[in-house]
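Remarks on the overall topology
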Amino acid sequence: MTVITCIEDLRILAKKRVPRMFYDYADTGSWTESTYRANAEDFQRLKLRQRVAVNIDQRSVRTRMIGQDVAMPVALAPIGLAGMQHADGEILAARAAEKFGVPFTLSTMSICSIEDVAAHTTAPFWFQLYVMRDRDFIERLIDRAKAAKCSALMLTLDLQILGQRHKDLKNGLSAPPKPTLANLLNLATKPRWGLGMLGTQRRQFGNIVGHVKGVENMSSLSAWTSQQFDPCLDWNDVEWIKKRWGGKLILKGVMDAEDARLAADSGADALIVSNHGGRQLDGAPSSISALPAIVAAAGSRIEVWLDGGIYTGQDVFKAVALGARGTLIGRAFLYGLGALGEAGVTKCLELMRNELDLTMAFCGFTDIEKVDRSVLLNPPQ
């Protein structure tokens, strides 16, 4: 494939190069995957007003997210196991984001550690936090993010328990992965990936292994993680984390207007309308369909962002039109990472910026910050 014109091209290439269990981990939803599919399909139902004879010579898609200048209203979402899509994956993605001028978010469940990413980048990145029962570990994790000069903490609220993803079970995805005959045969067909992994020491959850008592390898990690996600997480914990962190706080996983009001009450700086990419509650609404009610409920007290189903610059444009101040992409940049490493992430961002710029122009706008729902022929009521 010599010409890459869209994210789908990157997806096809990533599927060829990434071992099936790790590709499927990214490209899957829970149960019937109805919410996973709806995230993208509901964007397609929104139609745009094309305008003509408007001066569109000087255009800008630059904006700000929680006070940070960004090249476009897009950030890289936190993705667990990104370092298994490509060797040193989180470092490569963070570098691409920094050079492009958009935020990168490192997952708690990353392969490269907070310290790894900080050592290989110069711009501050964001850190995403899962709340574990081991509060001492959480306190130390927050302190490590502070020491690495992370500029925002992103607290994920919708993974107190883990949704069931059929493909992961069938592929034997675990820590460590099960060496089934099917998996071994599939790995043998991915020499590029294998050589990359042989050339790095980063093959385990860098934020956890060696930082938790009794967790020194992937085998002991599996037992620890299965017990650690905390189903007792509530708004009191959000307040505690906000005080402990002391900086910009982003709340990820809001899908209900009442929860949006509570998020605004918490004093957080931004909330993300997100159903975890359709990986948790199957049968939940798409993120884009939930956005208008959450924007209305949150008012101006907190920035509202969106993730889920964003694969084009047009998707970004439509989310902004419905009130999102920013968006996050997950699978889109992960396809680029699996396909071409750092260059693939850069290509993903370039494609999105070009699509966003052209769409804005065709709709008669020159400033992304002035786009509103008037650009939609069929805005949701």
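1. Points about the environment of Ser107
Here Ser107 lies in the loop between strand 4 (105–106) and helix 5 (114–119). Look at Ser107 and you get buried, because its relative accessible area is 3%. For the pair Ser107 and Asn207, spaced 100 residues apart in sequence, the C-alpha separation works out to 8.9 Å. Residues contacting Ser107, with those up to four places away along its chain left out, are Pro78, Ile79, Gly80, Phe127, Gln128, Tyr130 and Asn207.

2. Some words on empty space enclosed by the protein
A complete count under the given rule lists 2 cavities of 30 Å³ or more for this structure. A volume near 50 Å³ is recorded for the largest cavity. Lining of the largest cavity is provided by Tyr130, Val131, Thr156, Leu159, Gln160, Phe229, Asp230 and Leu233. Taken together, Ala77, Ile79, Ala82, Glu90, Ala93, Phe104, Thr105, Leu106, Ser107 and Phe333 make up the lining of the second largest cavity. Elements supplying a minimum of two residues to the lining of the second largest cavity: helix 4 (89–100) and strand 4.

3. Quick word on the packing of aromatic side chains
Applying the stated criterion across every chain, the model contains 4 aromatic pairs. On the basis of an interplanar angle of 85° and a centroid distance of 5.4 Å, the ring pair of Tyr130 and Phe229 is categorised as edge-to-face. Here the residue Tyr130 occupies a position in the loop between strand 5 (126–129) and helix 6 (135–147), and Phe229 occupies one in the loop between helix 10 (218–228) and helix 11 (235–245), the gap between them amounting to 99 residues. Take Tyr130 and Phe229: they sit in the same class, and that class is buried. Above the plane of the ring of Tyr25 lies Arg279, whose end atom (NZ or CZ) is 4.6 Å from the centre.

4. Focus: the confidence of the model for the protein
Model confidence for the protein is summarised by a mean pLDDT of 95, while 97% of its residues fall at 70 or above. Across the protein, element-level confidence peaks in strand 3 (residues 74–76) with a mean pLDDT of 99 and bottoms out in helix 10 with 71.

5. Quick look at the layout of surface pockets
Of the pockets and cavities examined, the second largest pocket occupies roughly 420 Å³. Forming the boundary of the second largest pocket are 19 residues, of which Leu157, Asp158, Leu159, Gln160 and Gly253 lie nearest the centre. Across the lining of the second largest pocket, the residue classes tally to 10 nonpolar, 5 polar and 4 charged.

6. Quick notes on the packing of helix 12 (residues 257–265) against helix 13 (residues 287–298)
Relative to each other, helix 12 and helix 13 sit at 35°, their axes nearing to 8 Å. As helix 12 packs across helix 13, the resulting crossing turns out to be right-handed. Contact residues: helix 12 offers Ala257, Ala260, Arg261 and Ala264, while helix 13 offers Ala293, Ile294, Ala297 and Ala298. A per-class count over the contact of helix 12 with helix 13 returns 7 nonpolar, no polar and 1 charged.

7. A word on the pairing of strand 5
The side-chain alternation of strand 5 yields two buried faces, one formed by Trp126 and Gln128 and the other by Phe127 and Leu129. Across 2 bridges, the pairing between strand 4 and strand 5 is parallel. Directly across from Leu106, in strand 5, lies its bridge partner Phe127. The parallel pair strand 4 and strand 5 is bridged by helix 5, and the resulting crossover is right-handed. The sheet contact formed by strand 5 and strand 6 (residues 152–156) spans 4 bridges and is parallel. By the bridge assignment, Gln128 is partnered in strand 6 with Met154.

8. Let's talk about the nonpolar core
Formed by 116 residues in total, the largest nonpolar core has its most connected members in Leu76, Leu271 and Ile329. Setting aside its immediate chain neighbours within four residues, Leu271 contacts Leu251, Val254, Ala260, Ala263, Ile294, Ala298, Ile302, Glu303, Val304 and Trp305. Counting 13 residues, the second largest nonpolar core, distinct from the first, contains Ile66, Ala77, Met154 and Ile272.

9. Considering helix 3 (residues 34–44)
Within helix 3 the residues assigned to the buried category are Thr35, Tyr36, Ala38, Asn39, Asp42 and Phe43. Structurally, helix 3 contributes buried residues whose contacts are with helix 13, strand 9 (303–307), helix 14 (313–321) and helix 15 (331–340).

10. Here we look at helix 16 (residues 342–362)
Taking 1.5 Å as the rise per residue, helix 16 with 21 residues should run 30 Å; its terminal C-alpha atoms sit 31 Å apart, in good agreement. Positioned one or two residues after helix 16, Gly364 has a phi angle of 85°, which is positive.

The rules behind these values
Residues numbered from 1 in each chain as written. Predicted model: local features only at pLDDT ≥ 70, side-chain atom pairs only at ≥ 80, totals over all residues. Heavy atoms only, no water. Helix = DSSP H or I, 4+ residues; strand = E, 2+ residues; numbered from the N terminus. Buried < 20%, exposed > 50% of the residue type's maximum accessible area, 1.4 Å probe, protein only. Contact = heavy atoms within 4.5 Å. 1 Å grid on protein atoms, 1.4 Å probe; cavity = no way out; pocket = protein on both sides within 12 Å on 5 of 7 lines; lining within 4 Å. Points joined across faces, edges and corners; volume = space filled by probe spheres on them. Phe/Tyr/Trp six-rings, centres within 6.5 Å; stacked < 30°, edge-to-face > 60°. Lys NZ or Arg CZ within 6 Å of the ring centre and 35° of its normal. pLDDT = per-residue confidence, 0-100. Nonpolar A, V, L, I, M, F, W, Y, C, P; charged D, E, K, R; others polar. Axes fitted to C-alpha atoms, helices over the stretch in contact; angles between N-to-C directions. Left-handed = near helix turned anticlockwise from the far one by under 90°. Pairing = 2+ DSSP bridges. Right-handed = clockwise from strand over helix to strand, strands pointing away. Core = buried A, V, L, I, M, F, W, Y, C linked by side-chain atoms within 4.5 Å. Expected span 1.5 Å × (residues − 1).

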